[in-house]
Amino acid sequence: MEEKINSKGIALPALVALVISSAIGAGIFDLPYTLAQAATPGPVLIAWLITGFGILMLSLSLNNLVINKPKLTGISDYARDGFGDFAGFISGWGYWLSAWLGNVAFATMLMSAMGYFIPSLKSGNSISAIVIASLISWALTLLVTRGIESAAAINTIVTICKLIPLFAFVVIALLSFKAGLFTEHFWQNFSVNMQNQPLFGKATTSGIFNQIKGCIMAMMWVFVGIEGASMMAGRAKKKTDAGRATIIGLLALLSIYVVVSLLPYGYMTQAELLQVNHPTVLYIFKDMTGSFGGAFISIGLIISILGAWLSWTMLPVEATSLMAEQQLLPTWFGKLNKFNSPANSLFLTQVLVQVFLITLIFTDQAYNFAYSLCTAAIVVCYTLVGAYQLKLGLQQRALRVILPGLFTVIFEVTAITLSGLQYLWLCTIAYVLGFVLYIRARKENGKTVPKNEWLMMGIIVGLAVLAVIFLATGQLSI
């Protein structure tokens with residue numbers, strides 16, 4: 001059967017650009033430091049292969065669902081169709097959490113980038129940095145409440161501002177690369193002491209495994225947004241282009257990430273990498289080229305984050321508006337103001353962003369904490385996507401459908417268990433507010449909460465209470 005072509009649809013190159021633009025955010029600019037904290041180059045390469053395979057399986061699952069379930073809208077709808085309303089709520093609330101927590105990560109990284117010009121902001125979580133980040137966050141929220149949307153021209157500028165500095169970094173890093181330095185500790189066991197100084201030892205299986213585990217969370221974070229092309233499949237010239245774009249985009253992203261994260265090992269020793277300020281790419285480039293090079297990267301990063309932050313200010317409210325339509329949240333969340341913008345949801349989300357920004361004053365790992373929580377929250381959504389794909393595959397008895405779903409579930413569950421279970425635990429606290437709203441939505445629409453859902457909510461609330469107790473007693477830290 002010949003595939004229908006939408007002459008006015010989005011072409012393959014534009015879909016590929018969408019994938020790359022959606023996924024590349026602030027995370028890549030701090031990858032060299034984040035990975036150097038955890039591993040030597042050999043384990044980093046293995047971790048990239050594992051993460052790349054896991055994200056490929058997720059991409060194939062999303063593509064299959066977009067093509068074969070065209071009436072479903074958004075990631076939460078897959079969970080709802082496959083496993084019921086409560087699963088749909090869990091997925092949608094997790095996506096909402098991930099989206100605004102990602103904005104907190106943007107805020108801390110933006111302050112660090114601005115710290116190149118204003119030293120008092122360099123830490124990303126000083127009082128002055130939090131104040132400026134809060135003002136920017138409120139300004140973006142007010143813009144969106146007035147119906148300001150991310151135009152194609154803005155996205156184009158933002159994408160260029162992301163890629164040109166990275167391209168310049170890769171070229172100069174290649175010219176400065178020292179092969180002997182890169183291979184010096186390639187496979188050795190690695191850890192850091194109390195002063196964040198590197199310790200090397202003879203490679204062991206457990207040592208390599210621990211290094212790989214230490215890389216996974218950061219690697220998963222930089223792929224958040226990979227679902228971009230799959231979500232636009234309905235507007236593509238050919239639906240099959242969405243699948244091709246996702247695969248091509250994934251390979252392009254993986255190549256960029258591997259090169260940017262590994263080249264610094266051939267320019268600085270691991271001890272030197274651990275002493276570089278944040279964002280790492282900025283200060284490594286400054287070391288290579290001088291102050292002008294640092295300013296060049298910094299300006300590109302600032303524009304890039306502001307553009308991405310504007311887009312991701314809209315994403316959380318898209319999730320809650322969709323959930324209101326699906327009767328998973330009260331209709332209050334979907335109400336539009338005179339500018340056709342869901343102001344209620346926007347302001348509630350911004351209040352929570354503000355509260356979270358203030359708490360970052362009390363941790364010296366502000367950016368790492370924010371992106372880890374963001375990644376943990378979206379793992380819930382991605383796992384349910386894989387589970388729905390697996391369910392459909394088993395119903396159809398089709399191995400080509402079963403395998404991507406199965407591998408997606410295995411990868412997401414294993415990755416979060418090994419590298420970030422404490423962050424998933426902390427996310428349960430945010431689900432407590434969501435349960436109150438879910439119960440209200442059920443009553444609002446004349447529905448009751450089944451016993452099995454009460455049981456699930458009780459378990460999650462219990463975990464949330466334990467998380468608060470452990471935080472208060474210092475047994476769980478942020």
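Refer to the structure presented above.
Criteria and thresholds
- Residues numbered from 1 in each chain as written.
- Predicted model: local features only at pLDDT ≥ 70, side-chain atom pairs only at ≥ 80, totals over all residues.
- Heavy atoms only, no water.
- Helix = DSSP H or I, 4+ residues; strand = E, 2+ residues; numbered from the N terminus.
- Rg over C-alpha atoms; globule rule 2.2 N^0.38 Å.
- Buried < 20%, exposed > 50% of the residue type's maximum accessible area, 1.4 Å probe, protein only.
- Contact = heavy atoms within 4.5 Å.
- Areas by Shrake-Rupley, 256 points an atom, 1.4 Å probe, with all protein chains shown as cover.
- Lys, Arg positive; Asp, Glu negative; His and termini not counted.
- Charge placed at Lys NZ, Arg CZ, Asp CG, Glu CD.
- Expected span 1.5 Å × (residues − 1).
- Phe/Tyr/Trp six-rings, centres within 6.5 Å; stacked < 30°, edge-to-face > 60°.
- Lys NZ or Arg CZ within 6 Å of the ring centre and 35° of its normal.
- Core = buried A, V, L, I, M, F, W, Y, C linked by side-chain atoms within 4.5 Å.
- Axes fitted to C-alpha atoms, helices over the stretch in contact; angles between N-to-C directions.
- Parallel < 35°, antiparallel > 145°, perpendicular 65-115°, else oblique.
- Left-handed = near helix turned anticlockwise from the far one by under 90°.
- Nonpolar A, V, L, I, M, F, W, Y, C, P; charged D, E, K, R; others polar.
- Salt bridge = Lys/Arg side-chain N within 4 Å of Asp/Glu carboxyl O.
- Pairing = 2+ DSSP bridges.
- Polar contact = N/O pair within 3.5 Å; in protein donor to acceptor, adjacent residues only side chain to side chain.
- Patch = residues over 30% accessible without salt bridge, like charges linked within 9 Å, V, L, I, M, F, W, Y side chains within 5 Å.

*Asks:* Which residues make up the overall build of the protein, and what values do they have?
*Replies:* For the protein, the helix and strand inventory stands at 19 helices and two strands. The C-alpha atoms of the protein give 22 Å as radius of gyration, which agrees with the globular expectation for 478 residues (23 Å, within 12%). Dimensions of the protein, computed from C-alpha atoms along their principal axes, come out at roughly 65 × 55 × 45 Å. In the protein, which comprises 478 residues, the proportion classed as buried is 56%. Of the contacts formed within the protein by residues at least 6 apart in sequence, a portion of 80% connects residues at least 24 apart. A total of about 20300 Å² of accessible surface is found on the protein, and carbon and sulfur atoms cover 67% of it. Distance between charge centroids for the protein: 6 Å, based on 27 positive and 18 negative side chains.

*Asks:* Can you explain helix α5 (residues 85–114)? Please cite residues and give values.
*Replies:* Taking 1.5 Å per residue as the helical rise, α5 with its 30 residues ought to reach 44 Å, and the 43 Å between its terminal C-alpha atoms agrees with that figure. Burial of α5 is extensive: 30 of the 30 residues sit out of reach of the surface.

*Asks:* Quick one: what's the story with the packing of aromatic side chains, residue by residue and with numbers?
*Replies:* One pass over the full model with this rule turns up 27 aromatic pairs. A centroid spacing of 5.8 Å and a plane angle of 20 degrees characterise the contact between Trp221 and Tyr371, whose relative ring orientation is stacked. Linking Trp221 in helix α9 (residues 205–221) with Tyr371 in helix α16 (residues 366–396), this pair joins segments that are 150 residues apart in sequence. Here Trp221 matches Tyr371 in class, with each residue buried. Here a set of aromatic residues connected by ring pairs shows up, and it is made of Phe86, Phe89, Trp93, Trp96, Trp100, Phe356, Tyr431, Phe435 and Tyr438. Of note, Lys391 hangs over the ring of Phe83, and the distance from its end group to the ring centre comes to 5.4 Å.

*Asks:* Go over the nonpolar core with me, naming the residues and quoting the values.
*Replies:* Trp48, Phe89, Phe223 and Tyr257 are the most contacted members of the largest nonpolar core, which totals 152 residues. Among the elements that make up this core, the one with the highest residue count is α5 (20 residues). Not counting residues up to four positions away in its chain, the partners in contact with Phe223 are Trp48, Thr51, Ile55, Leu250, Leu253, Leu254, Tyr257 and Tyr382.

*Asks:* I'd like a description of the packing of helix α3 (residues 41–68) against helix α17 (residues 399–419), backed by residues and values.
*Replies:* The N-to-C vectors of α3 and α17 enclose an angle of 130 degrees; their axes lie 8 Å apart at closest approach. Between α3 and α17, the angle is such that the two are oblique. Pair α3 / α17 crosses with left-handed handedness. Here Ile50, Thr51, Phe53, Gly54, Ile55, Met57, Leu58, Leu60, Ser61 and Asn64 of α3 lie close against α17, whose contacting residues are Val401, Pro404, Gly405, Phe407, Thr408, Phe411 and Glu412. For the contact of α3 with α17, the residue count by class is 10 nonpolar, six polar and one charged.

*Asks:* Tell me about the pattern of salt bridges, and please be specific about residues and values.
*Replies:* Under the definition given, this model contains three salt bridges. Two residues, Arg80 and Asp77, come together in a salt bridge whose shortest N-O distance is 3.0 Å. Of the two residues, Arg80 and Asp77 are both situated in helix α4 (residues 75–83); the distance of three residues between them amounts to about one turn of the helix. Judged by relative accessible area, Asp77 falls into the buried class, the value being 6%. For Lys447, the salt bridge identified is with Asp85, shortest N-O distance 3.9 Å. One end of the pair, Lys447, is in the loop between α18 (421–444) and α19 (451–472); the other, Asp85, is in helix α5, and 362 residues separate them in sequence. What emerges from the salt-bridge pattern is a single network uniting Asp85, Arg442 and Lys447.

*Asks:* Go over the pairing of strand β2 (residues 198–201) with me, naming the residues and quoting the values.
*Replies:* With four bridges connecting them, strand β1 (residues 189–192) and β2 associate as antiparallel partners. Its bridge partner lying in β2, Ser191 is registered against Leu199.

*Asks:* With reference to specific residues and values, describe the side chain of Ser134.
*Replies:* Considering the arrangement of structural elements, one finds Ser134 in helix α6 (residues 127–145). With residues near it in sequence (within four places) discarded, Ser134 still touches Gln350, Gln354 and Leu357.

*Asks:* Residue-level account of the environment of Ile24, with values.
*Replies:* Topologically, Ile24 is positioned in the loop between α1 (12–23) and α2 (31–36). Relative accessible area serves as the criterion here: at 2%, Ile24 is assigned to the buried category. In this structure the C-alpha to C-alpha distance between Ile24 and Tyr257, which are 233 residues apart in sequence, comes to 9.3 Å.

*Asks:* An account of the side chain of Thr51 is requested, with residue identities and associated values reported.
*Replies:* Tracing the backbone through its elements, the reader meets Thr51 in helix α3. You can call Thr51 buried: its relative accessible area is 0%. Polar contacts involving the side chain of Thr51 include one to the main-chain carbonyl oxygen of Ala47, which spans 2.8 Å. When near neighbours in sequence (up to four residues on either side) are disregarded, Thr51 contacts Ile216, Met219, Met220, Phe223 and Phe411.

*Asks:* Lay out a nonpolar patch on the surface in plain terms, naming residues and giving numbers.
*Replies:* A contiguous nonpolar surface patch, about 650 Å² in accessible area, is contributed by Leu455, Met456, Ile459, Val461, Leu463, Val465, Leu466 and Ile469. In this structure, Ile459 sits in helix α19.

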